[in-house]
Amino acid sequence: MRLRILLALLPFLLTAQESLVQEWKALYDRWYWQAPRARPENLRWSDSGRLMAYSWAESDGVSWRVADCVTGTLRPAFESPKIVAAFAALGKTKAGPKGWPFDAVTPLDDGRVRLDGPAESWIVETDQRLTPVSKAKPATAGLLVRGGKGPGDSKRLSFSRNAQASPSGDYAVEIRGGDVYLRPTQGGPERRLTSDAAEGKDAWVGTPSWSPDGRFFALWRERTVPVRRYLVTDSLKQTKKEMPYDKPGDDRTERIPWVFSVEDGRASRPSAEVLPLTYSTERLDWSADSRRLLTEYVRRGFTGHGIIEFEVAKKQWHRLLSEEDPKFVYSFATRFRHDLADGRTLWLSERSGWLQLYAVDLREGHTLFPVTQGRWVAREIIKVDEKAGRIVLVALGRNSGENPYHQHFCSVGLDGKGLVDLTPADGNHEVVFSPDGRTLVDFSSKVDEPPSFTLRSAADGHAIARLGAGDLTALRKAGWTPTVPFVAKDRDGRFDIWGVVTRPYPFDPKKKYGVIENIYAGPHGSFAPRSFSWWHRNHRELASLGFYVVQMDGRGTNHRGKEFQQESWRNLKDGGFPDRIAWIKALARTEPGMDLARIGIFGGSAGGQNTAHALLLHGDFYKAGAADCGCYDNRIDKLWWNEQWLGYPVGPWYEENSCARYAGRLTGRLFLSVGESDTNVDVKCSYDFRDALLAAGKRDRFEFHVVPGANHGAGESDEMREKRARFFRDALGGPLPL
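Scope of this entry: the structure provided in the associated data block. Since the structure is predicted, the reported quantities are computational estimates derived from the model, not experimental observations. (Residues numbered from 1 in each chain as written. Predicted model: local features only at pLDDT ≥ 70, side-chain atom pairs only at ≥ 80, totals over all residues. Heavy atoms only, no water.)

**Let's talk about the sheet that holds strand E9 (residues 130-133)**
Then comes step 1: One open sheet accounts for 4 strands, arranged E6-E7-E8-E9; its pairing is antiparallel. In this open sheet, the two edge strands, each paired with only one partner strand, are strand E6 (104-107) and E9. Between one strand and the next, the sheet's axes are offset by a mean angle of 25°, whatever the strand orientation.
Then comes step 2: Examined bridge by bridge, strand E7 (residues 113-116) and strand E8 (residues 121-124) share 4 bridges and lie antiparallel to one another. (Pairing = 2+ DSSP bridges. Helix = DSSP H or I, 4+ residues; strand = E, 2+ residues; numbered from the N terminus. Axes fitted to C-alpha atoms, helices over the stretch in contact; angles between N-to-C directions.)

This is how it looks when you write it as structure tokens:
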């Protein structure tokens, strides 16, 4: 093995060679000035919502425009020459498109516009005179809703009184030594309600949650477990710092809800059948009539989440609503609840195999009807407008023939009727909604098509005005070519696998080129580009060295339905590789310049583990790999991410997914890197994998780089990307005659 420790002097050592980073920067700069960058910004609406002003930045400066949200007509917000002259008369001689003395324009419903700068404001009269006005806070600019942050913000109705004292003030709860005491506030003996606590280990904790009528209160009983500590070393700063870091199989602190009766002091907890071993429990929510208490849980091992209920009349706990699967439920991305005033709640569920929204009777726990349905994914609930009776959500995969990862913003009634796509064009969408919710600006692009910007109705999605679009003419003249999408069937011919390819630059059709896959196959998401970017760094840099660069989402990743994602259950080593290999081979049939005898792969974190598995388990296909900060042994990495896919308790499948198990199978070349001070993935994952490779006699097949003081993702620094690129050029070679 060429054991290399990356030193702080590395940038100086590289000066003996021509810097690839500088070459990449030069190419970036050459294309940057030709790339489309104009887009509507600083969007503000008039009070009535009829008019919208926005800025538009181009090479000759910033212009401001106004759109009529009813007729769709567009006009300049003001006549620039006259406003430049008006500002000059006020002593602002440098005012103009290259530097306006204001940064916000608000349209007024009478046709005028207000200009707001850091310290001054003006009204542009209809005759283009400037009238100074008192400084005021400008209208709030519309915010771009990108989507993809999670399932949405939940809303739980709670009528609990969280305080030591009861709602009437007649009683107060105190926790002393971990036990519970109830004291009359107007005098009289206090009652000790519990006597079995061990403070700091197994005790009652938190603020009491009182029922509105004051007859009951709820508390948490917490069994506290010390959390494993992880030592983070930074040799550059010469520091060592411990941080909490639990791992798969570790015992965890657990909280159980209990309900106490003020009248007789009796307490009730849910049985193990009602509340199984949990990863987390939260909320103690009383109903308005004091008849019920609701609490939520996520199961340990991530096989489900739900709501349990305490019924006062029966003095019993039972399961009210749950989402469960014997393999896994990805609770972090599917757990959403929005309570309505009529006793219903909106609940995300994959019960059909696809993430959809349901209306549920929260009093009985039974489903009333699906709000959305079909073989597509309701990825995120953006807004629930109870007054208007509408829901705005992000949908994936609704349109046949379109990239299923394109997100569309849709609206549907609370009754499940009238689903409409507010962003109907083929593309990946982001939006800005007007304050009154009647219009939106649609930012749409595809991986090979620049953004277009459309003012649309938020009622039915129809186009009101085309605000502009990116132009690739100058960029193409500079030699740039787009990353392009490609789709092929999976290992079994059942699912479409979507991905992208960036061709070598410059490209010669009379040559053949090595292929490098950029991989991240974490089951929590999908990762191949789907929006336009003229510079995808990890693709363009390697393409400029004479490689095809590809990226796709195989089975085992998210956003294609439960069956597609659950390929990863207890099976992270699969990594979707049978799908990826089939996809690359299908692409090669359309790209004769691809040399399938020279294929590399790289990734970081989960992508680092994927890269190692590619070389170890598919070494007949992948010849070289660069893996950074990988979770090569899921028993050593953090608890939540690994138990999510591999489950609890730890079973033999954990060892079956360990890269060390297959170290003896390495036949290609492997480049390993890790940040010395990684706080995400325990560095022991990398060191143990290195040791397994050495023990397997693979010293000459890999190199190992530790980056002093660097955190997670150390392999993406300029120096390490350059080393990775040189590794691939050395391992796979350059372009060859076809």
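Still to come is the rest of the account.
**Side note on the sheet that holds strand E36 (residues 463-469)**
Paired through their backbone hydrogen bonds, the strands of a sheet run either parallel or antiparallel.
Then comes step 1: Read across the open sheet, the 5 strands follow the order E10-E33-E34-E35-E36; overall the sheet is antiparallel. Each edge of the sheet is formed by a strand with only one pairing partner; in this case those strands are strand E10 (144-145) and E36.
Then comes step 2: Strand direction decides the pairing type here: strand E34 (residues 439-446) and strand E35 (residues 449-457), joined by 7 bridges, are antiparallel. The residue bridging Phe443 from the neighbouring strand is Phe453, located in E35.

**A few points about the pairing of strand E39 (residues 511-518)**
Then comes step 1: Burial analysis of E39 places 6 of its 8 residues in the buried class, which makes it a mostly covered element.
Then comes step 2: Two strands pair when backbone bridges link them, and E39 and strand E41 (residues 594-604) are joined in this way by 5 bridges, in the parallel orientation. When the sheet's bridge partners are listed, Asn518 is paired in E41 with Phe602.
Then comes step 3: Where E39 meets strand E40 (residues 547-552), 4 bridges bridge the pair, whose relative direction is parallel. (Buried < 20%, exposed > 50% of the residue type's maximum accessible area, 1.4 Å probe, protein only.)

**Notes on the pattern of salt bridges**
A side chain of one charge can pair with a side chain of the opposite charge if their charged atoms are brought near each other.
Then comes step 1: Considering all chains together, one arrives at 63 salt bridges under this definition.
Then comes step 2: A salt bridge links Lys155 to Glu386, with the shortest nitrogen-to-oxygen separation between them at 2.8 Å. With Lys155 in the loop between E10 and strand E11 (161-162) and Glu386 in the loop between strand E29 (377-385) and strand E30 (390-396), this residue pair connects regions lying 231 residues apart in the sequence.
Then comes step 3: The closest approach of N and O atoms between Asp179 and Arg192, which form a salt bridge, is 2.9 Å. On the criterion of sequence distance, the pair formed by Asp179 in strand E13 (residues 179-184) and Arg192 in strand E14 (residues 191-192) is long-range, its members being 13 residues apart.
Then comes step 4: The exposure class of Asp179 is buried, given its relative accessible area of 3%.
Then comes step 5: Exposure remark for Arg192: the relative accessible area of 48% places this residue in the partly exposed category.
Then comes step 6: Taken together, the salt bridges that share partners define one network made up of Asp490, Arg491, Asp492, Arg555, Glu567, Asp574 and Asp579. (Salt bridge = Lys/Arg side-chain N within 4 Å of Asp/Glu carboxyl O.)

**Some thoughts on the packing of helix H2 (residues 20-32) against helix H13 (residues 718-732)**
Then comes step 1: With their axes 9 Å apart at the nearest point, H2 and H13 run at an angle of 100° to one another. Regarding the angle of H2 to H13, the classification is roughly perpendicular. Counting all contacts with H2, which are made through Leu20, Val21 and Trp24, the residues of H13 involved are Asp718, Arg721, Glu722, Ala725, Arg726 and Arg729.
Then comes step 2: Among the residues making up the contact of H2 with H13, the classes are represented as 4 nonpolar, no polar and 5 charged. (Parallel < 35°, antiparallel > 145°, perpendicular 65-115°, else oblique. Contact = heavy atoms within 4.5 Å. Nonpolar A, V, L, I, M, F, W, Y, C, P; charged D, E, K, R; others polar.)

**Brief notes about the packing of aromatic side chains**
Then comes step 1: In this structure the tally under the stated criterion is 45 aromatic pairs.
Then comes step 2: For the pair Trp100 and Phe102, a centre-to-centre distance of 5.4 Å together with 25° between the ring planes defines the contact as stacked.
Then comes step 3: Judged by relative accessible area, which is 6%, Phe102 ranks as buried.
Then comes step 4: Seen from their ring centres, Tyr520 and Phe527 are 4.6 Å apart, and the 70° between their planes marks the pair as edge-to-face.
Then comes step 5: In this structure Tyr520 comes out as partly exposed when scored by relative accessible area, which is 23%.
Then comes step 6: Relative accessible area serves as the criterion here: at 25%, Phe527 is assigned to the partly exposed category.
Then comes step 7: Aromatic rings pair up to connect Tyr279, Phe302, Phe328, Tyr330, Phe332, Trp640, Trp641 and Trp645 into one cluster.
Then comes step 8: Sitting above the plane of the Phe564 ring, Arg560 keeps its charged end 4.8 Å from the centroid. (Phe/Tyr/Trp six-rings, centres within 6.5 Å; stacked < 30°, edge-to-face > 60°. Lys NZ or Arg CZ within 6 Å of the ring centre and 35° of its normal.)

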